[in-house]
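# Notes for the structure review
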Amino acid sequence: MQKVLVVDDEPAIVTLLTYNLEKANYEVDSAVNGPDAVHLAIEKHYDAILLDLMLPGLDGVEVTKKLRQEKVDTPILMITAKTDEFDKVFGLELGADDYITKPFSPREVLARLKAVLRRTQGSSERETDFNDSQQLHVGNIVIDQSTVTVTVGGRKVKLTPKEFELLVYLVKRPNQVLKRDQMLEGVWGFDYAGQTRMVDIHISHLRDKIEKDPKHPVYLRTVRGFGYRFEAPQHD
């Protein structure tokens with residue numbers, strides 16, 4: 001049974017989410033403030049975290065930051081009542097995997113949770129196939145899809161599930177110019193139509209992790225006016 005941590009300081013929302021998640025056969029723990037959420041997420045293993053943005057003690061942004069600093073890579077779905085794009089983008093930049101805006105329906109939460117868990121467990125129904133045991137080699141990058149690991153120059157690199165999926169998507173299309181909308185549809189799916197800023201954020205994260213000099217990338221090249229290209233070097 002998959003385990004989910006629900007973090008919200010509104011009892012009605014915790015009750016609503018817990019009821020619907022348990023009805024869908026998830027095991028659920030809950031926390032009502034930031035410090036407790038951090039403690040639980042570090043001490044226990046969860047398959048996903050539903051995290052409210054506005055929390056006492058530590059807000060959702062600080063919780064996300066602390067968990068990522070502690071190398072907790074559990075997928076985080078940030079719940080926010082705010083509609084300002086900055087809040088959503090900032091949360092994604094810190095390592096959240098998705099966001100849900102209040103008011104929401106339980107059906108929407110379950111759908112987004114299932115999508116994140118599919119990516120995490122490597123059972124995407126789109127072109128990126130995590131169950132493929134084949135290793136991908138490009139330059140000094142080695143991607144093992146069976147173990148969902150990446151090494152750069154022999155050094156293991158920690159990627160979030162979405163960063164890993166995006167990297168595989170790009171590597172399987174070497175030297176092709178890919179538009180943001182194309183990448184968004186191929187990696188995130190139709191539910192994210194128009195949210196191309198997410199692509200830019202994750203490309204930036206990948207550059208920080210796989211490029212020797214992220215400001216002068218060798219692999220993840222920007223094609224101005226079009227999108228991005230994963231450039232496969234001729235020599236290692």
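Up top is the structure.
Residues numbered from 1 in each chain as written. Predicted model: local features only at pLDDT ≥ 70, side-chain atom pairs only at ≥ 80, totals over all residues. Heavy atoms only, no water.

Let's shift gears to the overall build of the protein chain. In terms of helices and strands, the protein chain carries eight helices and 12 strands. Burial statistics for the protein chain: of 236 residues in total, 51% are counted as buried. Contacts in the protein chain between residues far apart in sequence, at least 24 positions, make up 56% of those at least 6 positions apart. Carbon and sulfur atoms provide 49% of the accessible area of the protein chain, an area that totals close to 11,800 Å². (Helix = DSSP H or I, 4+ residues; strand = E, 2+ residues; numbered from the N terminus. Buried < 20%, exposed > 50% of the residue type's maximum accessible area, 1.4 Å probe, protein only. Contact = heavy atoms within 4.5 Å. Areas by Shrake-Rupley, 256 points an atom, 1.4 Å probe, with all protein chains shown as cover.)

Applying the stated criterion across every chain, the model contains 13 salt bridges. We note a salt bridge from Lys102 to Asp8, for which the minimum N-O separation is 3.4 Å. Of the two residues, Lys102 is situated in the loop between strand S5 (98–101) and helix H5 (106–121) and Asp8 in the loop between strand S1 (3–7) and helix H1 (11–23); the sequence distance between them amounts to 94 residues. Put simply, Lys65 and Glu62 hold a salt bridge, and the shortest N to O gap is 3.4 Å. With Lys65 and Glu62 both in helix H3 (residues 60–69) and three residues apart, the pair spans about one turn of that helix. Look at Glu62 and you get partly exposed, because its relative accessible area is 28%. (Salt bridge = Lys/Arg side-chain N within 4 Å of Asp/Glu carboxyl O.)

With that settled, the discussion passes to the sheet that holds strand S9 (residues 155–157). Strand order in the open sheet made by the four strands is S6-S7-S8-S9, with antiparallel pairing throughout. Each edge of the sheet is formed by a strand with only one pairing partner; in this case those strands are strand S6 (135–138) and S9. Taken pair by pair, the neighbouring strands of this sheet meet at an average axis angle of 25°, ignoring direction. Bridge analysis of strand S8 (residues 149–152) against S9 gives three bridges, and the strand direction is antiparallel. Counterpart to Val150 in the pairing with S9 is Val157. With respect to the sheet, helix H6 (residues 161–171) is in contact with S6, strand S7 (141–144) and S8, its orientation differing from that of S7 by roughly 115°. (Pairing = 2+ DSSP bridges. Axes fitted to C-alpha atoms, helices over the stretch in contact; angles between N-to-C directions.)

Structurally, the position occupied by Pro233 is in the segment after strand S12 (227–230). For Pro233, a relative accessible area of 28% translates into the label partly exposed. For the pair formed by Pro233 and Asn175, sequence separation is 58 residues and the distance between their alpha carbons is 9.4 Å.

Before going further, it helps to spend a moment on unusual backbone geometry. The linkage connecting Lys102 with the following residue, Pro103, adopts the cis geometry, with an omega of -5°. If you trace the backbone, Pro103 turns up in the loop between S5 and H5. Of note, the phi angle at Lys71 is positive, near 65°, even though the residue is not glycine. Within the element layout of this structure, Lys71 appears in the loop between H3 and strand S4 (76–80).

Okay, the packing of aromatic side chains next. One pair of aromatic rings is described through two measures. These are the centre distance and the angle between the planes. According to the stated counting rule, one finds one aromatic pair in the structure shown. Measuring from centroid to centroid gives 5.6 Å for Tyr219 and Phe230, while their planes differ by 15°, and the two rings are stacked. Linking Tyr219 in the loop between helix H8 (197–210) and strand S11 (220–223) with Phe230 in strand S12, this pair joins segments that are 11 residues apart in sequence. Phe230 carries the same exposure label as Tyr219, and that label is buried. Positioned over the ring face of Tyr46 is Lys3, at 5.4 Å from the centre of the ring. A cation over an aromatic ring shows up here: Arg173 above the ring of Tyr169, its NZ or CZ 3.7 Å from the ring centre. (Phe/Tyr/Trp six-rings, centres within 6.5 Å; stacked < 30°, edge-to-face > 60°. Lys NZ or Arg CZ within 6 Å of the ring centre and 35° of its normal.)

With that out of the way, let us pick up the pairing of S8. Covered by surrounding structure in S8 are Val150 and Val152 only, the residues Thr149 and Thr151 on the alternate face being uncovered. The sheet contact formed by S7 and S8 spans four bridges and is antiparallel. Each bridged residue has a counterpart across the sheet, and for Asp144 the counterpart in S8 is Thr149. Between S7 and S8, which pair antiparallel one after the other, the connecting turn spans four residues, and Val148 there sits at a positive phi close to 55°. Taking the residues that link successive antiparallel strands as the turn, the S8-S9 hairpin has two residues, and the phi of Gly153 there is positive, at about 60°.

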